[in-house]
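# Working through the structure, step by step
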Amino acid sequence: MATDLGELLVPYMPTIRVPRTGDRVFKSECAFSYDSPESEGGLYVCMNSFLGFGREHVERHYRKTGQSVYMHLKRHVKEKATGAAGGAIPRRRNGKVFLDLELNRDFNGDDYEYEDEAKLVIFPDHFEIPLPNIEELPALVTIACDAVLNALSPYKKQESDSWEEEIQVSRHARSLRQQENGVRIPPSGWKCTKCEMRENLWLNLTDGSVLCGKWFFDGSGGNGHALEHYKETNFPLAVKLDTITPDGADVYSFDEEEAVLDPHISEHLLHFGIDMLQMQRTENGHHTDNHVQPRVSDWEVIQEAGLKLKPVYGSGYTGIKNLGNSCYLSTTMQVLFSIPEFQRAYVGNLQRIFDYSPLDPTQDFNTQIAKLGHGLLSGQYSKPPMKSELIEQQQRGISPKMFKALVSKGHLEFSSNRQQDAHEFLLHLINLVERNSSGSENPSDVFRFLVEERVQCCQTQKVRYTQRVDYLMQLPVPLEAASNREELIAYESKRKEAEENLRPAPEPVRARIPFTACLQAFTEPDNVPDFWSSALQAKSAGVKTSRFASFPEYMVVQIKKFTFGVDWVPKKLDVSVDVPDFLDLNRLRATGLQAGEEELPDLTPPIVIPEDTRDSTTNNSLESPEIDESSVMQLAEMGFPLEACRKAVYYTGNMGAEMAFNWIIAHMEEPDFAEPLAVPSYMEADLPSPSLPTTSALDSQPPEESISILTSMGFPRHHTIQALKASNNNLERAFDWIFTHPDCEDESEAMSDTADTEPNDNIFSNANAHSDSSLSPDQDLSSPRVRDGPGRYELFAFISHMGASTMSGHYVCHIKKEGRWLIYNDHKVCLSERPPKDLGYMYFYRRLSSC
């Protein structure tokens, strides 16, 4: 028999490989579906590429590649036998469980056992060879099979390579000696003993000193006194005061320079009078004893805790398993795939996308998002419980490991296991959809709209109208407009009094903000910092207002609950907003230049070049470029390298953290992403001749300084010139124009050079172009990129966040389908009894068809 098997495998030996270091072995998930070894048909692993395929997809791979040898993996789940006492016999790991797979968490490991089966399958005849079969198989095949069976999951490799490692027990925890100095820590009113800081406070577990941390310890502000104290005393461990709960606390080791675990934390805290088992953490970070009746938390309200929610099953009712702080991704994708355009683009074209996928479909965005959409909409992974089917006893949901690994690749935040901002992930995903929709339908166009910005010089009253592309509407939260203002004032007074007298803080009061007040705050004029008036040719006071030049098919409204305090601590506003079911924005329609308004001259600020740069021909860069350090710090808070943040702010012309964030997303995969900023040089030979009139220089082409800034970012010169012309030499809008016009990169440079010297009076022949020219409401904006229409909408989904910061907490979403609201909470999908519309974070509206 050994000779027969050897001869059978001889023709295929060149195609059988042994996994090498760096090879990813996908033995837990199909590349095209969510089939796994636990699925009915098991999983087939290609013995050449090590990709996994479910039963309905393995034939496609065989036809496309000609690869014939696959390892078939199957895991059987069954109930344990019961012992004489009636209890389950403890499961023992033996030869029947040899796959390195995560156990299905839907089952209690004490009640079920697993039996694994592996065999080689040769296509197209489906000849099967059971494994292990050491004596009968050629040595190379045996080695390859053992290597596949013992290979780590590619996701485990990714997690081990991630910068966010598992927290370890401190070597100081057991031997820590605490001083008998009589220090007792009050339940509130803490402040640093060396300064007046009341945030980011750390309790040294040796002597009880309360000191502030440094801003980069955990994203909070401070003056570094806790670290200074360690350098003076060598007392190694400190606990963050506002993290103490009955479940534990955040502990940092100055000696080990990392966050650590302290198994004896309750004893160490009790030494200073803190009984952590009698403490609970409220949303404002202070502690109260359990005898105080707390208000119903947003965790309970948003998740509809205490209500008996009815599970639902079938197409569109499939949950998504939480991979560890991945709920921001899950909720966003659930909402997107409730939109017909996303369903049509990916699930409707599923077979075409799969048939034309590359040889490694795990690295293809369209394949993986189509796979996710099919998993959510097919109903295949959301079936009602059946007693005869053990594996369907609970809502299983899908586990989007492959999708998350792909969309987060190269992104410092999304590739970590930290909680993230669903708003930032939505924009990141739209960017990926844009990049991967060339030549096909772009479903993200349903969110795309034009914003008209009107800037007015306060001194001359002259105006300028510009347009930019946006994908969502951000509404500020005016706390001063709270309908329960008196109650808030009374609470604040009691809180300060309690803090001064070292008493427990009163129960927090949530501000109730009318939605109309948020909308009014959105329409209010904003001051323009450092406004340069082309009418005065000098800096002056300026105000800006924003209106809609077009209305999208789907309007995303974000309530700006997250903000930064004066000490750069990320904070979440505890507010309730009465968001309406129906929204009419027609009154915010842009009107363009009005009768009697006079436009600002079409001039740009003069180029200011340092004297040493003018005088020196050897100086290659400008020294000490002006950089908005506040924006740099906001980006650094998100975890990006400091030098990358400085470059992002510089190259986006100090236009703010949001623009700089977009720059980071677009450039973070570049090899010099985190290299120090190298300011481009502007030699006199490259500048317009001073003998030429200013208007003539402007008419010929954009300022060389602006061109240099954009070309230094890697964009082609001719594309840069087009972008600056289309945006009236505004760096912010030119940057956006480049990313929304990728097709223009392919145009002939000769054509561009010719066009560079000619005035462009038809900038809006392309509806995506941005210009300072005004657009009247009746001007044609109907193009594949801008789907203008009436501004009346109906709410159909919202995403809610629980917790005090985007860096922690949990997301769930509510979606209205077939006239009823449903709650999607990770893998659980149920009918909603009380959708908490007033506590949402992002709201999704669809245009009313009956307008």
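This part covers the overall build of the protein. Looking only at helices and strands, the protein features 24 helices and 31 strands. For the protein, buried positions account for 52% of its 851 residues. Of the contacts formed within the protein by residues at least 6 apart in sequence, a portion of 69% connects residues at least 24 apart.

Here the focus is the nonpolar core. Residues M71, L120, M333, Y346, F365 and F447 are the most contacted members of the largest nonpolar core, which totals 101 residues. In terms of residues, this core owes the most to one element, helix α13 (residues 422–435), which gives seven residues. Setting aside residues up to four positions removed in sequence, L120 forms contacts with M47, V69, Y70, M71, F127, E128, I129, L131, L137, V141 and C145.

So, on to the pairing of strand β14 (residues 449–457). Buried residues dominate β14, accounting for eight of its nine residues. For β14 and strand β15 (residues 463–470), the ladder comprises eight bridges, and the chain directions are antiparallel. If you follow E453 over to β15, its bridge partner there is T466. The turn linking β14 back onto β15 is made up of five residues, and Q461 within it adopts a positive phi angle of 65 degrees. Judged from the seven bridges that link them, β14 and strand β21 (residues 542–548) form a sheet pairing that is antiparallel. Across the sheet, residue Q456 finds its bridge partner in β21, namely V543.

Here the focus is the sheet that holds strand β9 (residues 237–240). Read from one edge of the open sheet, six strands run β6-β11-β10-β9-β7-β8, paired in mixed fashion. The strands lining the two open edges of the sheet, one partner per strand, are β6 (168–169) and β8 (210–212).

On to the environment of E128. Along the chain, E128 turns up in strand β5 (residues 127–131). Residues E128 and V69, spaced 59 residues apart in sequence, show a C-alpha to C-alpha distance of 9.9 Å. Among the polar contacts made by the side chain of E128, one reaches the side chain of K119 at a distance of 3.1 Å.

Together, I167, V169 and L261 make up a nonpolar patch on the protein surface, roughly 250 Å² of accessible area in all. Inspection of the secondary structure puts V169 in strand β6. A residue is classified by how much of its surface remains accessible, and V169, at 48% relative accessible area, is partly exposed.

A word on the sheet that holds β21. Strand order in this open sheet of four strands is β15-β14-β21-β18, and the pairing throughout is antiparallel. Sheet topology places β15 and β18 (526–527) at the edges, where each strand pairs with a single neighbour. As paired elements, β18 and β21 share two bridges and run antiparallel to each other. For D526, the partnering residue across the bridge sits in β21 and is K544.

On to the pairing of β9, then. What you see with β9 is no split at all: L237 and V239 on one side and A238 and K240 on the other are buried throughout. As defined by bridge partners, β9 adjoins strand β10 (residues 251–253) across three bridges and the pair is classed as antiparallel. Bridge pairing in β10 links A238 to Y252.

Basis of the calculations
- Residues numbered from 1 in each chain as written.
- Predicted model: local features only at pLDDT ≥ 70, side-chain atom pairs only at ≥ 80, totals over all residues.
- Heavy atoms only, no water.
- Helix = DSSP H or I, 4+ residues; strand = E, 2+ residues; numbered from the N terminus.
- Buried < 20%, exposed > 50% of the residue type's maximum accessible area, 1.4 Å probe, protein only.
- Contact = heavy atoms within 4.5 Å.
- Core = buried A, V, L, I, M, F, W, Y, C linked by side-chain atoms within 4.5 Å.
- Pairing = 2+ DSSP bridges.
- Polar contact = N/O pair within 3.5 Å; in protein donor to acceptor, adjacent residues only side chain to side chain.
- Patch = residues over 30% accessible without salt bridge, like charges linked within 9 Å, V, L, I, M, F, W, Y side chains within 5 Å.
- Areas by Shrake-Rupley, 256 points an atom, 1.4 Å probe, with all protein chains shown as cover.
- Salt bridge = Lys/Arg side-chain N within 4 Å of Asp/Glu carboxyl O.

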